[in-house]
Amino acid sequence: MSRQATGTAFVALLRRDFLLAYRRRAELLQPLVFLLVVVTLFPLGVGPSPALLANIAPGVIWIAALLATVLSLDSLFRSDFEDGTLEQMVLSGQSLALIALARTVAHWLVAGLPIVLLSPLLAMWMNLPDEGLLILIESLAIGTPVLSLIGAIGGALTVSLKRGGQLLSLLVFPLYVPLLILATSAVSAAVVDLPYTGQLGLMTAGLIASLTLAPFATAAALKLSLS
Amino acid sequence: MNPIYLFFHKTGSPPWFYKYSGKLIPWLWALFLALTIYGLYLGLFVAPADYQQGESVRIMYLHVPTAWMSMMIYGLMAIMGFIALVWRIRIMEVLVISSAPIGAAFTIIALITGSLWGRPTWGTYWVWDARLTSELVLLFLYFGVIALYNAFDEPRKAARAASLMSIVGAINLPIIYFSVEWWNTLHQGSSMGSDGPGIHPSMLLPLLLMATATKFYYGANLLTRARLCLLKQDHRKRWVQDLLSKESN
C-alpha cells in the first residue's frame, strides 16, 4: 500500500465520519447535555457555597468529562459493526490500526473537543478561580484525546456484545485513573499559584504514548470482535 | 521434529496438559500446606511482636505475600495473554482466564488484611493512600477481565478478549501505581529494599515461607481450574470421552 493511498484512506474515513456525525446531530448532543446535567447536580448535592465549589471544581469537571466520554464511546464502532462496514474496512487492505486511529480522531473532534469548548462555562458554574481556567482548558485539550484513544480499545472489545455499555465503563475507568489525578492536580496547583508544568508534561507524554500504542490495541480488539 | 518445538507442541496439547498437570497438582498442594503451616507457626508464635505495632504486625505474614501475588498474577496474565494472542496457544488462553479469579481473591485478601492492620496502626480502616488505591484499582482491573470473559458466549473469543484486556491493563498498571503514589502516600516503604531487607531474619523467614507458599497455592489452584476449564471446553472431544469411559469402568 503506497503512502499516498494510506493518507487518502485516512482523510476519506474522517470525512465519512464527520458526515455521519452531522446527520446524527441529536445523538452527538446527548453526551454534552449529560455533561452539563452532571455538573449541575454537584452544587445541588454538596451545597452552593462558592469556596467549596471552587475547591472541588477541577475534579467535578474532569469526572463529568470522563462520564460523558464513556457514554459516547459505546456507539464508536457499534453501527459500523452492525451494518458490516467494519468487515469491509478490515477487508480493504488498509492498516486496521490506521482505520482505528481515524475513527478515534473523528470521535475526539465530535465528542472530546466540545467538552474542551464547554469547559469555560462549567468552570464559571463551579466557581473555579480565574487562575485555574486556562490550565483546565489545557488539561482537557491534552487529556480528552487520551480518553478517546484508550476508550476506543474498550469500545472495540465490547462492540460485539449486546450490552457492552456497562462493561465498557468497568473496563476503561481504571485506565483513566492516572489522567484524572494528573489533570486535577495540575488545575488545583495552578489555582494556588504552584508549578503545574510537570503534570501537563506527563499528560502530554501519556497522549503521545497512547497515540502511538492505543490504535494497535484497538485494531487487535476489532479483529477479535469480528472473528 | 526439533525437540524444543516438540516440547512446545506437546505442552500446548490439552490431553498432555491434562495428564501431567494432574500428576503435579497433589505435590503443589502438599508443598503449599507444609510451607503455610510452618510459615504461619513461625509467624504467629515464634517471631517477636513489633515494639511499635505490637501483635498486629503478624498480619504482615498474610498481607505482604498476598499483595505480592496480586501483582505477580496480573503480570503473569499479561505475559500469558501475549503468548496466547501471538501464538494462539489454547492452554495459555485457559491459563489467563483461570488466573483472574485467583488474582482477584489475592487482591481482596490483601485489601482486607491491610485494612484490619490499618485500624490499630493508622487508626483507620481505609485511607486514600497510594498503595491502597492502586491495589483497589488493580482489583477493578481484575473484575474488568473477569466480566469481559463472562460477557462473551464463545469461550475462545472470550479468552482472547480477556488476554488483550490484561495486556492493556498491565501496561497501565505501573503508570497507575506511580501516579497514585505521587498523588498521596502514607504507606510505609517496602520491607524489601534494594540494599537488603530491613527486617530481622526471625521475621523475614516466615515472610519468605509464606511468599513461597502462596506461589504453590497459585500453581495448584491455577492447574485445577485450568483442567476443569479444558474439560468443559472439550467435553465433546475424544480425549475427554476416553477419559470419562476410563473413569466409569
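Preceding this paragraph is the structure being described.
Before going into details, it helps to say that this report is about the structure given with it.

1. Observations concerning the overall build of chain A
Reasoning step 1: Helix and strand counts for chain A come out as nine helices and zero strands.
Reasoning step 2: Helices and strands appear in chain A in the N-to-C order α-α-α-α-α-α-α-α-α.
Reasoning step 3: Computed over C-alpha atoms, the radius of gyration of chain A comes to 18 Å, within 12% of the 17 Å expected from 2.2 N^0.38 for 227 residues, which places it in the range of a compact globule.
Reasoning step 4: Across its three principal axes, chain A shows a C-alpha extent of roughly 55 × 35 × 30 Å.
Reasoning step 5: Residues classed as buried in chain A amount to 51% of the 227 residues present.
Reasoning step 6: Taking as baseline every contact in chain A between residues at least 6 positions apart, the subset at least 24 positions apart corresponds to 82%.
Reasoning step 7: Here chain A displays about 10400 Å² of accessible surface, and carbon together with sulfur accounts for 68% of that area.
Reasoning step 8: Mean positive and mean negative side-chain charge positions of chain A (11 and 11 charges, respectively) differ by 13 Å.

2. Re the environment of glycine 154 of chain A
Reasoning step 1: Mapped onto the elements, glycine 154 of chain A comes out in helix H7 (residues 130–157).
Reasoning step 2: The sequence separation of glycine 154 of chain A and alanine 111 of chain A amounts to 43 residues, and the corresponding C-alpha distance is 16 Å.

3. Digging into the interface of chain B and chain A
Reasoning step 1: Counting residues at the interface gives 24 residues for chain B and 22 residues for chain A.
Reasoning step 2: Among the residues of chain B in contact with chain A, Lys157, Leu164 and Trp182 of chain B are the three that bury the most area, contributing 26% of the side total.
Reasoning step 3: For the pair chain B and chain A, the number of links is zero salt bridges.
Reasoning step 4: Taken together, the links from chain B to chain A amount to one residue pair in polar contact (both at pLDDT 80 or more).
Reasoning step 5: Elements represented by at least two residues in the side of chain B that touches chain A include exactly helix H5 (130–151) and helix H6 (155–183) of chain B.
Reasoning step 6: Top element by residues in the side of chain B that touches chain A is H6 of chain B. It accounts for 14 residues.
Reasoning step 7: When the residues that make up the side of chain B that touches chain A are grouped by side-chain class, the tally is 18 nonpolar, four polar and two charged.

Each value, and the rule that gives it
- Residues numbered from 1 in each chain as written.
- Chains lettered and ligands numbered in written order.
- Predicted model: local features only at pLDDT ≥ 70, side-chain atom pairs only at ≥ 80, totals over all residues.
- Heavy atoms only, no water.
- Helix = DSSP H or I, 4+ residues; strand = E, 2+ residues; numbered from the N terminus.
- Rg over C-alpha atoms; globule rule 2.2 N^0.38 Å.
- Buried < 20%, exposed > 50% of the residue type's maximum accessible area, 1.4 Å probe, protein only.
- Contact = heavy atoms within 4.5 Å.
- Areas by Shrake-Rupley, 256 points an atom, 1.4 Å probe, with all protein chains shown as cover.
- Lys, Arg positive; Asp, Glu negative; His and termini not counted.
- Charge placed at Lys NZ, Arg CZ, Asp CG, Glu CD.
- Buried area = accessible area lost by both parts, 1.4 Å probe.
- Salt bridge = Lys/Arg side-chain N within 4 Å of Asp/Glu carboxyl O.
- Polar contact = N/O pair within 3.5 Å; in protein donor to acceptor, adjacent residues only side chain to side chain.
- Nonpolar A, V, L, I, M, F, W, Y, C, P; charged D, E, K, R; others polar.

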